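# Report on the structure
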Amino acid sequence: MKITKANGKNEYALIDELKKRSGETDKKIVEIVSSIIEGVKNGGDDAVTEYTVRFDGIAPKKTVIDGDELSEYFETADEIFKKAITDAKNNIYDFHLRQAQQSWMTTKKNGVIMGQRVRGLHRVGIYVPGGTAAYPSSVLMNAVPAKIAGVKEIIMVTPPGKDGNPNPDIMAAAAIAGVDKVFLCGGAQAVAALAYGTEKIPKVDKIVGPGNVFVATAKKLLYGTVDIDMVAGPSEILIVADKSAKPSFLAADLMSQAEHDKMASAVLLTTSEAIARATAKEIEKQVKYLERQDIILQALNDYGEIIVCDTLSQAIDFANELAPEHLELCVEEPLRYIGMIDNAGSVFLGNWSPEPLGDYFAGPNHVLPTSGTARFFSPLSVDSFIKKSSFIYYTQEELSNVRDEIITLAETEGLTAHANSIKVRFEK
(Lines give C-alpha, C1' and ligand atoms only; values in the text may rest on other atoms or scores of the structure.)
Protein backbone atom coordinates (compact mmCIF):
# COMPACT_ATOMS: atom_id res chain seq x y z
CA MET A 1 0.00 0.00 0.00
CA LYS A 2 1.05 3.56 -0.64
CA ILE A 3 2.36 5.38 2.45
CA THR A 4 1.84 9.15 2.54
CA LYS A 5 2.83 11.82 5.04
CA ALA A 6 -0.07 14.06 6.02
CA ASN A 7 0.57 17.72 5.21
CA GLY A 8 -2.93 19.17 4.94
CA LYS A 9 -3.00 18.52 1.19
CA ASN A 10 -1.91 14.96 0.39
CA GLU A 11 -4.50 13.29 2.59
CA TYR A 12 -7.37 15.38 1.24
CA ALA A 13 -6.43 14.52 -2.34
CA LEU A 14 -7.48 10.98 -1.39
CA ILE A 15 -11.00 12.18 -0.63
CA ASP A 16 -11.27 13.57 -4.15
CA GLU A 17 -10.18 10.21 -5.56
CA LEU A 18 -12.70 8.31 -3.48
CA LYS A 19 -15.52 10.64 -4.51
CA LYS A 20 -14.93 9.71 -8.15
CA ARG A 21 -16.13 6.17 -7.37
CA SER A 22 -19.63 7.43 -6.61
CA GLY A 23 -20.11 9.62 -9.64
CA GLU A 24 -23.00 9.51 -12.05
CA THR A 25 -24.23 6.06 -13.01
CA ASP A 26 -23.20 4.97 -16.50
CA LYS A 27 -25.85 6.15 -18.99
CA LYS A 28 -25.95 2.74 -20.65
CA ILE A 29 -26.81 1.10 -17.33
CA VAL A 30 -29.53 3.68 -16.70
CA GLU A 31 -30.99 2.95 -20.15
CA ILE A 32 -30.94 -0.81 -19.59
CA VAL A 33 -32.49 -0.55 -16.13
CA SER A 34 -35.13 1.92 -17.32
CA SER A 35 -36.11 -0.53 -20.06
CA ILE A 36 -36.37 -3.38 -17.55
CA ILE A 37 -38.50 -1.28 -15.20
CA GLU A 38 -40.87 -0.36 -18.02
CA GLY A 39 -41.01 -3.99 -19.15
CA VAL A 40 -41.99 -5.24 -15.69
CA LYS A 41 -44.47 -2.40 -15.20
CA ASN A 42 -46.29 -3.40 -18.38
CA GLY A 43 -45.59 -7.15 -18.53
CA GLY A 44 -45.84 -8.25 -14.91
CA ASP A 45 -44.80 -11.78 -13.99
CA ASP A 46 -44.12 -12.83 -17.58
CA ALA A 47 -41.59 -10.01 -17.93
CA VAL A 48 -39.97 -10.90 -14.59
CA THR A 49 -39.55 -14.52 -15.70
CA GLU A 50 -38.20 -13.49 -19.09
CA TYR A 51 -35.55 -11.21 -17.53
CA THR A 52 -34.68 -13.84 -14.90
CA VAL A 53 -33.99 -16.42 -17.61
CA ARG A 54 -32.03 -13.87 -19.65
CA PHE A 55 -29.80 -12.67 -16.80
CA ASP A 56 -29.67 -15.64 -14.40
CA GLY A 57 -29.75 -18.33 -17.05
CA ILE A 58 -32.64 -20.33 -15.64
CA ALA A 59 -36.26 -20.03 -14.53
CA PRO A 60 -36.78 -20.91 -10.86
CA LYS A 61 -38.27 -24.32 -10.10
CA LYS A 62 -40.66 -22.60 -7.73
CA THR A 63 -41.76 -18.98 -7.87
CA VAL A 64 -42.61 -18.48 -4.21
CA ILE A 65 -41.52 -20.02 -0.92
CA ASP A 66 -43.35 -19.32 2.32
CA GLY A 67 -44.51 -20.62 5.68
CA ASP A 68 -43.70 -24.24 6.42
CA GLU A 69 -41.23 -24.57 3.56
CA LEU A 70 -39.12 -21.71 4.91
CA SER A 71 -39.14 -23.35 8.33
CA GLU A 72 -37.93 -26.61 6.78
CA TYR A 73 -34.85 -24.84 5.40
CA PHE A 74 -33.98 -23.71 8.91
CA GLU A 75 -34.66 -27.07 10.52
CA THR A 76 -32.49 -28.94 8.00
CA ALA A 77 -29.60 -26.45 8.10
CA ASP A 78 -26.19 -27.36 9.51
CA GLU A 79 -26.35 -27.22 13.33
CA ILE A 80 -23.28 -24.99 13.66
CA PHE A 81 -24.72 -22.53 11.14
CA LYS A 82 -28.12 -22.64 12.89
CA LYS A 83 -26.52 -21.70 16.20
CA ALA A 84 -24.50 -18.91 14.60
CA ILE A 85 -27.46 -17.22 12.90
CA THR A 86 -29.68 -17.75 15.95
CA ASP A 87 -27.17 -16.06 18.24
CA ALA A 88 -26.59 -13.29 15.70
CA LYS A 89 -30.34 -12.77 15.29
CA ASN A 90 -30.79 -12.48 19.06
CA ASN A 91 -28.00 -9.87 19.29
CA ILE A 92 -29.49 -7.88 16.40
CA TYR A 93 -32.94 -8.08 18.00
CA ASP A 94 -31.69 -6.90 21.41
CA PHE A 95 -29.86 -3.92 19.92
CA HIS A 96 -32.69 -2.78 17.65
CA LEU A 97 -35.40 -3.27 20.28
CA ARG A 98 -33.93 -0.24 22.08
CA GLN A 99 -34.65 1.89 19.01
CA ALA A 100 -38.40 1.26 19.06
CA GLN A 101 -40.51 4.41 19.42
CA GLN A 102 -43.88 4.75 21.09
CA SER A 103 -46.91 6.78 20.11
CA TRP A 104 -47.61 9.60 22.53
CA MET A 105 -50.28 12.13 23.46
CA THR A 106 -50.22 15.23 25.62
CA THR A 107 -53.16 17.14 27.11
CA LYS A 108 -52.75 20.76 28.14
CA LYS A 109 -54.66 22.53 30.89
CA ASN A 110 -56.67 24.48 28.30
CA GLY A 111 -58.11 21.25 26.85
CA VAL A 112 -55.86 21.11 23.78
CA ILE A 113 -54.79 17.58 22.87
CA MET A 114 -51.82 16.82 20.61
CA GLY A 115 -49.84 13.73 19.88
CA GLN A 116 -48.05 11.46 17.48
CA ARG A 117 -48.90 8.01 16.15
CA VAL A 118 -46.03 5.68 15.33
CA ARG A 119 -46.68 2.52 13.36
CA GLY A 120 -44.87 0.14 11.06
CA LEU A 121 -45.12 0.24 7.30
CA HIS A 122 -47.69 -2.14 5.84
CA ARG A 123 -45.41 -4.13 3.53
CA VAL A 124 -41.64 -4.05 2.97
CA GLY A 125 -39.51 -5.72 0.29
CA ILE A 126 -36.02 -7.03 1.02
CA TYR A 127 -33.56 -7.61 -1.81
CA VAL A 128 -30.95 -10.29 -1.12
CA PRO A 129 -28.20 -11.07 -3.66
CA GLY A 130 -27.64 -14.66 -4.73
CA GLY A 131 -24.76 -16.63 -6.21
CA THR A 132 -21.29 -15.90 -4.85
CA ALA A 133 -22.58 -12.79 -3.06
CA ALA A 134 -25.17 -14.62 -0.93
CA TYR A 135 -25.29 -12.99 2.49
CA PRO A 136 -27.55 -14.56 5.15
CA SER A 137 -26.38 -11.82 7.52
CA SER A 138 -28.05 -9.19 5.32
CA VAL A 139 -31.38 -11.00 5.68
CA LEU A 140 -31.14 -10.65 9.46
CA MET A 141 -30.01 -7.03 9.35
CA ASN A 142 -32.90 -6.00 7.13
CA ALA A 143 -35.74 -8.15 8.43
CA VAL A 144 -35.24 -8.03 12.21
CA PRO A 145 -35.63 -4.24 12.62
CA ALA A 146 -38.62 -4.35 10.26
CA LYS A 147 -40.32 -6.91 12.53
CA ILE A 148 -39.60 -4.79 15.60
CA ALA A 149 -41.05 -1.75 13.83
CA GLY A 150 -44.32 -3.63 13.33
CA VAL A 151 -44.18 -4.14 9.57
CA LYS A 152 -47.16 -6.31 8.75
CA GLU A 153 -45.64 -8.26 5.86
CA ILE A 154 -42.04 -8.79 4.75
CA ILE A 155 -41.49 -9.92 1.16
CA MET A 156 -38.03 -11.06 0.10
CA VAL A 157 -36.68 -11.40 -3.44
CA THR A 158 -33.50 -13.27 -4.30
CA PRO A 159 -32.18 -14.79 -7.55
CA PRO A 160 -32.43 -18.56 -8.07
CA GLY A 161 -29.24 -20.59 -8.12
CA LYS A 162 -27.89 -22.25 -11.23
CA ASP A 163 -30.07 -25.26 -10.45
CA GLY A 164 -33.22 -23.15 -10.22
CA ASN A 165 -33.39 -23.50 -6.43
CA PRO A 166 -32.83 -20.86 -3.74
CA ASN A 167 -29.70 -20.59 -1.61
CA PRO A 168 -30.57 -22.74 1.45
CA ASP A 169 -28.58 -20.58 3.89
CA ILE A 170 -30.50 -17.48 2.80
CA MET A 171 -33.78 -19.37 3.22
CA ALA A 172 -32.79 -20.47 6.73
CA ALA A 173 -31.96 -16.88 7.66
CA ALA A 174 -35.28 -15.71 6.19
CA ALA A 175 -37.14 -18.22 8.35
CA ILE A 176 -35.56 -17.16 11.62
CA ALA A 177 -35.77 -13.44 10.76
CA GLY A 178 -39.53 -13.53 10.20
CA VAL A 179 -39.76 -13.13 6.42
CA ASP A 180 -43.28 -13.99 5.23
CA LYS A 181 -42.69 -14.88 1.56
CA VAL A 182 -39.71 -15.31 -0.74
CA PHE A 183 -39.93 -14.83 -4.51
CA LEU A 184 -37.14 -16.30 -6.61
CA CYS A 185 -36.15 -13.44 -8.86
CA GLY A 186 -33.36 -10.92 -8.79
CA GLY A 187 -31.85 -7.95 -10.53
CA ALA A 188 -33.58 -4.76 -11.59
CA GLN A 189 -36.65 -6.80 -12.57
CA ALA A 190 -37.18 -7.91 -8.96
CA VAL A 191 -36.89 -4.33 -7.71
CA ALA A 192 -39.41 -3.16 -10.31
CA ALA A 193 -41.79 -6.00 -9.38
CA LEU A 194 -41.70 -4.93 -5.72
CA ALA A 195 -42.22 -1.28 -6.64
CA TYR A 196 -45.23 -1.78 -8.96
CA GLY A 197 -46.54 -5.19 -7.96
CA THR A 198 -47.30 -8.04 -10.39
CA GLU A 199 -49.93 -10.74 -10.54
CA LYS A 200 -47.98 -12.73 -7.92
CA ILE A 201 -45.55 -10.33 -6.29
CA PRO A 202 -47.28 -7.77 -4.06
CA LYS A 203 -46.49 -4.06 -4.22
CA VAL A 204 -44.45 -2.87 -1.25
CA ASP A 205 -44.04 0.46 0.52
CA LYS A 206 -40.26 0.30 0.84
CA ILE A 207 -37.36 -1.68 -0.66
CA VAL A 208 -34.20 -2.35 1.34
CA GLY A 209 -31.12 -4.48 0.85
CA PRO A 210 -27.86 -4.55 -1.13
CA GLY A 211 -27.36 -5.44 -4.78
CA ASN A 212 -25.19 -4.90 -7.81
CA VAL A 213 -25.11 -1.73 -9.90
CA PHE A 214 -28.30 -2.72 -11.76
CA VAL A 215 -30.17 -3.22 -8.49
CA ALA A 216 -28.83 0.03 -7.04
CA THR A 217 -29.76 1.92 -10.21
CA ALA A 218 -33.28 0.46 -10.17
CA LYS A 219 -33.76 1.53 -6.55
CA LYS A 220 -32.53 5.01 -7.39
CA LEU A 221 -34.83 5.35 -10.42
CA LEU A 222 -37.86 4.01 -8.53
CA TYR A 223 -37.42 6.19 -5.45
CA GLY A 224 -40.62 8.18 -5.18
CA THR A 225 -42.71 5.36 -6.58
CA VAL A 226 -41.51 3.43 -3.55
CA ASP A 227 -39.29 4.34 -0.60
CA ILE A 228 -35.77 2.87 -0.39
CA ASP A 229 -33.14 2.54 2.31
CA MET A 230 -30.22 4.17 0.48
CA VAL A 231 -28.19 3.96 -2.72
CA ALA A 232 -25.10 2.17 -1.46
CA GLY A 233 -21.67 2.71 -2.94
CA PRO A 234 -18.51 0.56 -2.65
CA SER A 235 -17.55 -0.62 0.83
CA GLU A 236 -15.20 1.49 2.96
CA ILE A 237 -13.05 1.15 6.04
CA LEU A 238 -10.98 3.84 7.74
CA ILE A 239 -8.74 2.90 10.66
CA VAL A 240 -7.23 5.40 13.08
CA ALA A 241 -4.29 3.82 14.90
CA ASP A 242 -1.61 4.94 17.36
CA LYS A 243 1.59 3.19 18.44
CA SER A 244 -0.40 0.73 20.60
CA ALA A 245 -2.06 -0.87 17.56
CA LYS A 246 -1.03 -4.28 16.20
CA PRO A 247 0.06 -4.18 12.52
CA SER A 248 -1.19 -7.73 11.92
CA PHE A 249 -4.65 -6.72 13.10
CA LEU A 250 -4.64 -3.53 11.04
CA ALA A 251 -3.62 -5.36 7.86
CA ALA A 252 -6.27 -8.03 8.35
CA ASP A 253 -9.00 -5.45 8.94
CA LEU A 254 -8.06 -3.35 5.91
CA MET A 255 -8.21 -6.43 3.70
CA SER A 256 -11.52 -7.57 5.20
CA GLN A 257 -13.17 -4.67 3.38
CA ALA A 258 -10.93 -4.64 0.32
CA GLU A 259 -12.10 -8.17 -0.54
CA HIS A 260 -15.67 -6.94 -1.11
CA ASP A 261 -15.05 -5.14 -4.37
CA LYS A 262 -12.26 -3.83 -6.58
CA MET A 263 -13.63 -0.36 -5.87
CA ALA A 264 -13.67 -0.77 -2.09
CA SER A 265 -11.53 1.67 -0.13
CA ALA A 266 -9.30 0.81 2.82
CA VAL A 267 -7.40 3.62 4.53
CA LEU A 268 -5.16 3.65 7.60
CA LEU A 269 -4.37 6.84 9.51
CA THR A 270 -1.61 6.38 12.05
CA THR A 271 0.64 8.57 14.19
CA SER A 272 3.45 6.01 13.93
CA GLU A 273 5.70 5.60 10.89
CA ALA A 274 6.82 2.24 12.28
CA ILE A 275 3.20 1.04 12.44
CA ALA A 276 2.65 2.26 8.86
CA ARG A 277 5.61 0.30 7.49
CA ALA A 278 4.85 -2.81 9.53
CA THR A 279 1.21 -2.82 8.39
CA ALA A 280 2.24 -2.61 4.72
CA LYS A 281 4.53 -5.63 5.26
CA GLU A 282 1.76 -7.53 7.03
CA ILE A 283 -0.53 -6.99 4.05
CA GLU A 284 2.08 -8.50 1.72
CA LYS A 285 2.42 -11.43 4.10
CA GLN A 286 -1.26 -12.17 4.76
CA VAL A 287 -2.74 -11.54 1.31
CA LYS A 288 -0.93 -14.58 -0.11
CA TYR A 289 -3.26 -16.86 1.84
CA LEU A 290 -6.56 -15.17 0.99
CA GLU A 291 -8.90 -16.48 -1.71
CA ARG A 292 -9.86 -13.07 -3.09
CA GLN A 293 -6.31 -11.70 -3.23
CA ASP A 294 -6.67 -10.31 -6.77
CA ILE A 295 -9.65 -8.18 -5.72
CA ILE A 296 -7.90 -7.14 -2.50
CA LEU A 297 -4.70 -6.06 -4.24
CA GLN A 298 -6.49 -4.03 -6.90
CA ALA A 299 -8.69 -2.30 -4.31
CA LEU A 300 -5.69 -1.46 -2.12
CA ASN A 301 -3.71 -0.25 -5.10
CA ASP A 302 -6.47 1.97 -6.49
CA TYR A 303 -8.32 3.12 -3.39
CA GLY A 304 -6.13 2.21 -0.42
CA GLU A 305 -3.58 4.32 1.40
CA ILE A 306 -1.65 4.53 4.65
CA ILE A 307 -1.34 8.11 5.89
CA VAL A 308 1.06 9.09 8.67
CA CYS A 309 -0.40 11.91 10.78
CA ASP A 310 1.27 14.17 13.32
CA THR A 311 -1.46 13.79 15.95
CA LEU A 312 -4.61 11.80 16.63
CA SER A 313 -6.58 15.04 16.46
CA GLN A 314 -5.40 15.51 12.88
CA ALA A 315 -6.42 11.94 12.06
CA ILE A 316 -9.87 12.37 13.60
CA ASP A 317 -10.43 15.64 11.72
CA PHE A 318 -9.68 13.78 8.50
CA ALA A 319 -11.97 10.91 9.52
CA ASN A 320 -14.85 13.34 10.03
CA GLU A 321 -14.19 14.86 6.62
CA LEU A 322 -14.12 11.48 4.90
CA ALA A 323 -17.25 10.26 6.80
CA PRO A 324 -16.49 6.55 6.27
CA GLU A 325 -18.89 3.65 6.32
CA HIS A 326 -16.78 1.79 8.91
CA LEU A 327 -14.36 3.51 11.32
CA GLU A 328 -12.04 1.61 13.63
CA LEU A 329 -10.33 3.39 16.52
CA CYS A 330 -7.34 1.15 17.27
CA VAL A 331 -5.91 3.45 19.92
CA GLU A 332 -5.26 3.48 23.66
CA GLU A 333 -8.45 4.35 25.56
CA PRO A 334 -10.67 4.49 22.46
CA LEU A 335 -13.72 5.53 24.49
CA ARG A 336 -12.03 8.90 25.07
CA TYR A 337 -12.41 9.70 21.36
CA ILE A 338 -15.92 8.46 20.55
CA GLY A 339 -17.39 11.90 21.31
CA MET A 340 -15.11 13.46 18.69
CA ILE A 341 -16.42 11.28 15.85
CA ASP A 342 -19.26 13.16 14.15
CA ASN A 343 -19.35 11.44 10.76
CA ALA A 344 -19.20 7.65 10.51
CA GLY A 345 -21.63 4.86 9.76
CA SER A 346 -20.44 2.56 12.54
CA VAL A 347 -17.51 2.95 14.95
CA PHE A 348 -15.43 0.04 16.26
CA LEU A 349 -13.55 0.71 19.49
CA GLY A 350 -10.20 -0.87 20.30
CA ASN A 351 -8.09 -3.72 18.97
CA TRP A 352 -10.65 -6.40 19.84
CA SER A 353 -13.64 -4.93 18.00
CA PRO A 354 -12.86 -5.64 14.32
CA GLU A 355 -15.28 -4.62 11.59
CA PRO A 356 -16.48 -8.21 10.82
CA LEU A 357 -17.83 -8.34 14.38
CA GLY A 358 -20.32 -5.69 13.30
CA ASP A 359 -20.95 -7.25 9.90
CA TYR A 360 -22.18 -10.48 11.38
CA PHE A 361 -22.81 -10.68 15.05
CA ALA A 362 -22.60 -7.83 17.57
CA GLY A 363 -26.07 -6.36 16.94
CA PRO A 364 -25.77 -2.87 15.38
CA ASN A 365 -26.89 -2.80 11.77
CA HIS A 366 -24.40 -3.39 8.97
CA VAL A 367 -26.46 -1.51 6.37
CA LEU A 368 -24.53 1.74 6.55
CA PRO A 369 -24.17 5.00 4.61
CA THR A 370 -21.26 5.07 2.15
CA SER A 371 -19.45 7.57 -0.08
CA GLY A 372 -19.35 10.28 2.57
CA THR A 373 -23.12 10.23 3.15
CA ALA A 374 -22.56 9.45 6.84
CA ARG A 375 -22.43 13.25 7.13
CA PHE A 376 -26.23 13.24 6.89
CA PHE A 377 -27.48 9.62 6.67
CA SER A 378 -27.81 7.05 9.46
CA PRO A 379 -27.55 3.25 9.51
CA LEU A 380 -30.63 1.17 8.74
CA SER A 381 -32.72 0.97 11.91
CA VAL A 382 -36.20 0.44 13.30
CA ASP A 383 -36.84 4.08 12.33
CA SER A 384 -36.37 3.06 8.69
CA PHE A 385 -39.54 0.97 8.82
CA ILE A 386 -41.98 3.25 10.62
CA LYS A 387 -44.19 6.15 9.67
CA LYS A 388 -45.47 8.88 11.93
CA SER A 389 -48.53 11.09 11.89
CA SER A 390 -49.50 13.84 14.28
CA PHE A 391 -52.94 14.73 15.60
CA ILE A 392 -54.42 17.92 17.04
CA TYR A 393 -57.58 18.64 19.02
CA TYR A 394 -58.64 22.23 19.93
CA THR A 395 -61.80 23.35 21.64
CA GLN A 396 -63.86 26.25 20.25
CA GLU A 397 -62.63 28.47 23.07
CA GLU A 398 -58.97 27.76 22.45
CA LEU A 399 -59.24 28.23 18.69
CA SER A 400 -60.94 31.57 19.41
CA ASN A 401 -58.04 32.58 21.64
CA VAL A 402 -55.47 32.10 18.87
CA ARG A 403 -57.53 32.93 15.79
CA ASP A 404 -56.06 36.41 15.29
CA GLU A 405 -52.49 35.08 15.22
CA ILE A 406 -53.40 32.38 12.70
CA ILE A 407 -55.24 34.86 10.48
CA THR A 408 -52.27 37.24 10.64
CA LEU A 409 -49.82 34.53 9.57
CA ALA A 410 -52.08 33.30 6.77
CA GLU A 411 -52.68 36.79 5.36
CA THR A 412 -48.96 37.60 5.60
CA GLU A 413 -48.34 34.64 3.31
CA GLY A 414 -51.15 35.73 0.98
CA LEU A 415 -53.19 32.60 1.68
CA THR A 416 -56.59 34.14 2.23
CA ALA A 417 -58.45 30.83 2.03
CA HIS A 418 -56.42 29.68 5.01
CA ALA A 419 -57.44 32.81 6.89
CA ASN A 420 -61.04 32.35 5.83
CA SER A 421 -61.08 28.81 7.25
CA ILE A 422 -60.53 30.38 10.67
CA LYS A 423 -62.75 33.44 10.19
CA VAL A 424 -65.82 31.50 9.03
CA ARG A 425 -65.96 29.62 12.30
CA PHE A 426 -66.55 32.83 14.27
CA GLU A 427 -68.89 34.74 12.00
CA LYS A 428 -72.22 35.66 13.59
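Here's what I pulled together on the structure shown here. (Residues numbered from 1 in each chain as written. Predicted model: local features only at pLDDT ≥ 70, side-chain atom pairs only at ≥ 80, totals over all residues. Heavy atoms only, no water.)

What follows covers unusual backbone geometry. With a phi angle near 50 degrees, Glu-333 is a residue other than glycine that sits in the positive phi range. Locating Glu-333 in the fold gives a position in the loop between strand S13 (326-330) and strand S14 (346-349). You will see that Ser-371, though not glycine, has its phi angle at about 55 degrees, which is positive. Summarising the element assignment, Ser-371 is placed in the loop between helix H13 (355-360) and strand S15 (386-393). (Helix = DSSP H or I, 4+ residues; strand = E, 2+ residues; numbered from the N terminus.)

Glancing now at helix H14 (residues 396-412). Between its terminal C-alpha atoms H14 stretches 24 Å, which fits the 24 Å expected from 17 residues at 1.5 Å a residue. Within H14, the axis deviates most sharply at Val-402, by approximately 50 degrees. All buried positions along H14 are accounted for by Glu-398, Leu-399, Ile-407 and Ala-410. (Expected span 1.5 Å × (residues − 1). Bend = angle between axes of the 7 residues up to and from the residue. Buried < 20%, exposed > 50% of the residue type's maximum accessible area, 1.4 Å probe, protein only.)

A cluster of nonpolar side chains, Ile-32, Val-213 and Phe-214, forms an exposed patch at the surface whose accessible area comes to about 220 Å². The residue Phe-214 is located in helix H8 (residues 213-222) in this model. Residue Phe-214 is classed as partly exposed on the basis of its relative accessible area, which comes to 31%. (Patch = residues over 30% accessible without salt bridge, like charges linked within 9 Å, V, L, I, M, F, W, Y side chains within 5 Å. Areas by Shrake-Rupley, 256 points an atom, 1.4 Å probe, with all protein chains shown as cover. Salt bridge = Lys/Arg side-chain N within 4 Å of Asp/Glu carboxyl O.)

Moving on: the environment of Val-267. By the element assignment, Val-267 lies in strand S11 (residues 265-270). Under the relative-accessibility criterion, Val-267 is labelled buried at 1%. The spacing of Val-267 and Leu-14 is 253 residues in sequence and 9.4 Å in space, taken between C-alpha atoms. Apart from the residues lying within four places of it in its own chain, the contact partners of Val-267 are Leu-14, Ile-237, Leu-238, Ile-239, Leu-254, Tyr-303, Glu-305 and Ile-307. (Contact = heavy atoms within 4.5 Å.)

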